[in-house]
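# Structural description and commentary
So the chains spell out like this:
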Amino acid sequence: MPTDFSATRAMFDLPEGVIYLDGNSLGPLPRAVPARLQQAATAEWGQMLITGWNKAGWMELPTRIGDRIARLIGAEAGHVVMGDTLSIKVYQALASSLEMNPKRRVILSDTGNFPSDLYMAEGLCRTLGPEYSLKTVAPEDVAAAIDDTVAVLMLTEVDYRTGRRHDMPALTAKAHEVGALAIWDLAHSAGATDVKVAEGGADFAVGCSYKYLNSGPGGPAFIYVAPRHAETVRPALSGWLGHEKPFAFDLDYRPGSGIERMRVGTPPVLQLAALDAALDVWDGVEIADLRARSIELCEAFIAGVEATCPTLELATPRDASQRGSQVSFRHPEGYAIMQALIARGVIGDFRAPDILRFGFTPLYTAFEDVEGAVKILAEIMATAEWDRPEFKTRAKVT
Ligand SMILES: *Cc1c(COP(=O)(O)O)cnc(C)c1O
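To start, this report covers the structure provided alongside it.

What counts and what doesn't
Residues numbered from 1 in each chain as written. Predicted model: local features only at pLDDT ≥ 70, side-chain atom pairs only at ≥ 80, totals over all residues. Heavy atoms only, no water. Helix = DSSP H or I, 4+ residues; strand = E, 2+ residues; numbered from the N terminus. Buried < 20%, exposed > 50% of the residue type's maximum accessible area, 1.4 Å probe, protein only. Axes fitted to C-alpha atoms, helices over the stretch in contact; angles between N-to-C directions. Left-handed = near helix turned anticlockwise from the far one by under 90°. Contact = heavy atoms within 4.5 Å. Nonpolar A, V, L, I, M, F, W, Y, C, P; charged D, E, K, R; others polar. Polar contact = N/O pair within 3.5 Å; in protein donor to acceptor, adjacent residues only side chain to side chain. Pairing = 2+ DSSP bridges.

A cis geometry characterises the amide bond from Ala352 onward to Pro353, with omega recorded as 5°. Position of Pro353 among the secondary structure elements: in the loop between strand 12 (349-351) and strand 13 (355-359). Positive phi, close to 50°, is recorded for Leu49, a residue that is not glycine. With respect to the element layout, Leu49 can be found in the loop between helix 2 (33-48) and helix 3 (52-55). A residue is classified by how much of its surface remains accessible, and Leu49, at 53% relative accessible area, is exposed. Positive phi, normally seen in glycine, also occurs at Ala384, with a value near 50°. Inspection of the secondary structure assignment puts Ala384 in the segment after helix 13 (367-383). Judged by its relative accessible area of 34%, Ala384 falls in the partly exposed class.

This next bit is on the packing of helix 4 (residues 61-73) against helix 10 (residues 269-279). Where helix 4 contacts helix 10, the two axes come as close as 10 Å, and the packing angle between them is 35°. Both helix 4 and helix 10 take part in a crossing whose hand is left-handed. Residues Leu61, Pro62, Arg64, Ile65, Arg68, Ile69 and Leu72 of helix 4 form the contact with helix 10, whose participating residues are Val269, Leu272, Leu275, Asp276 and Leu279. Partitioning the contact of helix 4 with helix 10 into residue classes produces 9 nonpolar, no polar and 3 charged.

Tracing the sequence through the fold places Thr308 in helix 11 (residues 287-308). Each C-alpha atom of the pair Thr308 and Met381 lies 8.8 Å from the other, and the pair is 73 residues apart in sequence. In this structure Thr308 touches Val374 and Ala378, once residues within four positions along its chain are discounted. At 2.8 Å, the side chain of Thr308 and the backbone oxygen of Gly304 are in polar contact.

Let us look at the sheet that holds strand 3 (residues 106-110). Taken in spatial order, the 7 strands line up as 2-8-7-6-5-3-4 in an open sheet, and their pairing is mixed. Bordering the open sheet on either side are strand 2 (80-82) and strand 4 (133-137), each of which pairs with just one other strand. Going across the sheet, the axis of each strand differs from the next one's by a mean of 20°, ignoring polarity. Two strands pair when backbone bridges link them, and strand 6 (residues 181-185) and strand 7 (residues 204-208) are joined in this way by 3 bridges, in the parallel orientation. From the neighbouring strand, Asp185 faces strand 7, where its bridge partner is Val206. Across the sheet, helix 5 (residues 86-100) lies against strand 3, strand 5 (150-156), strand 6, strand 7 and strand 8 (221-225), angled at about 170° from strand 7, the strand it touches most.

Coordinates in, geometry out; function isn't part of it.
See below:
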């Protein structure tokens, strides 16, 4: 049965009068989440107190929810676990990869990657010593830069600014051919595209839950470790909950079985409860349908904007197979234009220096939202409504 996206849309609590095209930064509130949070706070935490760890299954939340995400990213069940933030999971995957490839010293990434991923890599190299380095090349030069000096290729599948999508299977295969490992950051692909980490051969994959998976601000990240590495990978962040027997309180660390070892400390139970409820929206969703719908929404937006706003320059690849689920346009006054759009109820975001970014999320974005957004954007551009002082002062979070 084809996925019913009007039914999934009805499962979200979107504010009246808002066209929300920023689910790629923070997903909106699924209607079922507040009641689940209330239950987790009052019936579980309030009444069960510490017995909630056993009685309410809090301790299993990271792996149980990891399995729900595994389906969405094409991973084998039992090989995804939740915890920490994405930056931490990037560090964990990198540190483990470098240890698995001890003769090599180079982390290869691209200049389109999200800065936090690059900062984490730089920080890790500094800790490991001067022989280690992070090398970044332009996104289109990645394939050519994969050589036998590279220990690990670390890429974000979908570029957070332009929406360009890397070819995961091809680049991973190239990395493996020269003896390198591959880490894929799925921040802008999990829940947005037809990600296939197992088929794509990823050694590690990481991603966050508060963007397209709608867990709410501060929701935990996930990490996937390929089954072939599950029992040999050594977790650099060897916290007690990744131990084989946390409650034996041994003085020596022994990694837990499989993906359990990638856990670090106490899981964020309330955030996981919110995520668990948010994932119910995905139960009837086929990823192939999601991808098809996402392409249709993005194409409609590109066609509409190009027909009405000649000064906006498309920054996203025109070929749908080479992009994720967002569309970006460049304009030197991008910041002010986005503020003017937000003032009119169309919420996208601005990414320095000149990118207007719009996320399309089939679960709750309808074609009428695309039409409405195009119409308002065209008006703002035609009347230069953005050219007002109040749209030019920058807030702390953009
Ligand atoms: C959103 C995003 C992050 C954010 O990391 P946090 O630790 O969750 O704040 C990191 N990397 C990429 C590629 C992202 O898109």
